[in-house]
Amino acid sequence: MSAVTTTVSEDTANPYALSHLDSLESEAVHIFREVAGEFERPVILFSGGKDSIVMLHLALKAFAPAPVPFTLLHVDTGHNFPEVLDYRDRTVAKHGLRLHVASVQEYIDAGKLRERPDGTRNPLQTVPLTEAIQRHRFDAVFGGGRRDEEKARAKERVFSLRDEFSQWDPRRQRPELWQLYNGRHAPGEHVRVFPISNWTELDVWQYIEREGIELPEIYFAHEREVFNRNGMWLTAGHWGGPKEHEATETRLVRYRTVGDMSCTGAVDSDATTLDAVITEIAASRLTERGATRADDKMSEAAMEDRKREGYF
């Protein structure tokens, strides 16, 4: 008699197994709830970019049907994309959230910060961010940083202790074995928290597709007036670009990451749907920051230097 081979699907073998995205979601929800239990005044950094959008979505799921027990904070450079700011404000109104805005422009007008010759304001966010944290006495600050973005972020723990000057010291990183997070901090110190630290860019997009999360249209292919600077397609605007020798042209582009207009480059793309974006990301061999963020190319240690100063 011949042997009968029975093929058992993975789902049948273990119907309670979590999918990859379910595992990431579960970890993030656990982190949000841990912070709610350990800290008194947490805040979520929310810019209207895709990572902060996913982070807010996870926070909403973590505490539903109750409201999110955290306020939001955005450091507005004054050179943000209008589409993203509109999305930010609509989202805050939709969910009845409270938003604090720390304005780089107000610091420049008050003489506390000086405009850079290149017009880039991303490095100027540190002072408004750290002073907002101190002024509102936030003791935990959620950020959307992921380890796959950049090597300095890959060094971060999920709970990252910052001293009374909001500075990061990699020697004070704490072990996080078995998903046990140490939130202890002295008066004046705070903890930066990264719930999607273990996600990749592809994970983020696949989760957005699965959950049906709305995004600013800037993330999908659209015609835009851009100019080339140092190999990057930057948006023409009042921030200081283009210069006389930089010609503008209309191209079909989209954005993989969204920050200050002066340092965030667009990529040539015809991806107008989530499926098309996911296919494009899966084939890419460059990280989103490595491909489209000029502020990370200032030096080999640009991000780490800013983290030590108090930037995320």
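Coordinates for the structure precede this section.
This report concerns the structure included in the present document. None of these values were measured; they are calculated from a predicted model.

Here the focus is the overall build of the protein. For the protein, the count of helices and strands is 11 helices and 10 strands. Sequence-distant contacts in the protein: of pairs separated by 6 or more residues, those separated by 24 or more amount to 73%.

Quick look at the pairing of strand β2 (residues 71-76) now. With six of its six residues buried, β2 lies for the most part within the structure. Pairing of strand β1 (residues 42-45) with β2 involves three bridges; the strand directions are parallel. Residue pairing for β2: Ile-44 is matched across the bridge by Leu-72. For the crossover that starts at β1, traverses helix α3 (residues 50-63) and ends in the parallel β2, the hand is right-handed.

What follows is about the pairing of strand β7 (residues 222-229). Where β7 meets strand β9 (residues 248-254), six bridges bridge the pair, whose relative direction is antiparallel. In the strand pairing of β9, Arg-224 is matched with Arg-251. When β7 meets strand β8 (residues 232-235), the two strands line up antiparallel, connected through four bridges. Across the sheet, the residue bridging to Asn-228 is Trp-233, located in β8. Between β7 and β8, which pair antiparallel in sequence order, lie two residues; one of them, Asn-230, sits at a positive phi of approximately 55°.

Attention now moves to the layout of surface pockets. Taken as a whole, the largest pocket holds about 290 Å³ of empty space. Looking at the largest pocket, it is lined by 16 residues, and the ones nearest its centre are Arg-137, Phe-138, Asp-139, Gly-188 and Glu-189. Its residues assigned to classes, the lining of the largest pocket shows four nonpolar, five polar and seven charged. Lining the second largest pocket are 14 residues; nearest its centre among them are Tyr-87, Thr-91, Lys-94, His-95 and Ile-213. Those elements that provide at least two residues to the lining of the second largest pocket are α3 and α4 (82-95). Here the residues of the lining of the second largest pocket are counted per class, giving six nonpolar, four polar and four charged.

Now for the sheet that holds strand β3 (residues 99-103). With mixed pairing, six strands are arranged side by side in an open sheet as β3-β2-β1-β4-β6-β5. Edge positions in the open sheet fall to β3 and β5 (159-162), since each of these has one partner strand only. Ignoring strand direction, the axes of neighbouring strands in this sheet form an average angle of 30°. Sheet topology note: the β2/β3 ladder contains five bridges and is parallel. Along β3, the bridge assignment pairs Leu-72 with Leu-99. α3 rests against β1, β2 and β4 (140-142) of the sheet, and its axis sits at about 140° to β1.

All right, on to the pattern of salt bridges then. Taken as a whole, this structure holds 20 salt bridges when the rule is applied. Between Asp-51 and Arg-146 there is a salt bridge, with its nearest N and O atoms 2.9 Å apart. Within this pair, whereas Asp-51 is found in helix α3, its partner Arg-146 is found in the loop between β4 and α7 (151-154), the two being separated by 95 residues in sequence. For Asp-51, a relative accessible area of 10% translates into the label buried. Looking at Arg-146, the relative accessible area reads 1%, which means it is buried. Note that Glu-201 and Arg-256 form a salt bridge whose closest N and O atoms lie 2.6 Å from each other. Placement of the pair is Glu-201 in helix α8 (residues 201-211) and Arg-256 in the loop between β9 and β10 (267-268), with a sequence separation of 55 residues.

A few words on the environment of Thr-235. Tracing the chain through its elements places Thr-235 in strand β8. In this structure, the C-alpha to C-alpha distance between Thr-235 and Glu-225, residues 10 residues apart in sequence, is 6.4 Å. If near-sequence neighbours (up to four positions away) are discounted, Thr-235 is found in contact with Phe-81, Arg-224, Glu-225, Val-226, Phe-227, Tyr-255 and Met-261. Among the polar contacts listed, one links the side chain of Thr-235 to the side chain of Tyr-255, at a separation of 2.4 Å.

About the thresholds
- Going along each chain's sequence as written, the residues are numbered from 1 onward.
- Where totals are concerned, whole chains, interfaces and linings use all residues; where local detail is concerned, this predicted model gives features only for residues with pLDDT of at least 70, and gives and counts side-chain atom pairs only at 80 or more.
- With hydrogens and water stripped out, all remaining heavy atoms of the structure feed into the side-chain values.
- The helix and strand labels rest on DSSP assignments: H or I over at least four residues marks a helix, E over at least two residues marks a strand, and numbering proceeds from the N terminus.
- By the convention used here, residues are in contact when the closest approach between their heavy atoms is within 4.5 Å.
- Note on exposure labels: buried denotes an accessible area under 20% of the residue type's maximum, exposed denotes more than 50%, and partly exposed covers the range between, all computed with a 1.4 Å probe on protein chains only.
- At least two DSSP bridges between two strands are required for those strands to pair.
- Seen with its strands pointing away from the viewer, a crossover is right-handed when the path leading from the first strand over the helix to the second is clockwise.
- Definitions used throughout: a 1 Å grid over protein atoms alone; a cavity as a set of points that fits a 1.4 Å probe which cannot get out; a pocket as an open set with protein on both sides within 12 Å along at least five of seven lines; a lining residue as one with an atom within 4 Å of a point.
- Grid points are joined across faces, edges and corners, and a volume is the space filled by probe spheres set on the points.
- When residue character is reported, Ala, Val, Leu, Ile, Met, Phe, Trp, Tyr, Cys and Pro are called nonpolar, Asp, Glu, Lys and Arg charged, and the others, Gly included, polar.
- Geometry is summarised by axes, namely lines fitted to C-alpha atoms with helices restricted to the contacting stretch, and by angles between N-to-C directions that run from 0 to 180 degrees.
- Salt bridge criterion: a side-chain nitrogen from Lys or Arg within 4 Å of a carboxyl oxygen from Asp or Glu.
- The definition of a polar contact used here is a pair of N or O atoms within 3.5 Å, where within protein one atom must be able to donate a hydrogen and the other to accept one, and adjacent residues in sequence count solely through side-chain atom pairs.

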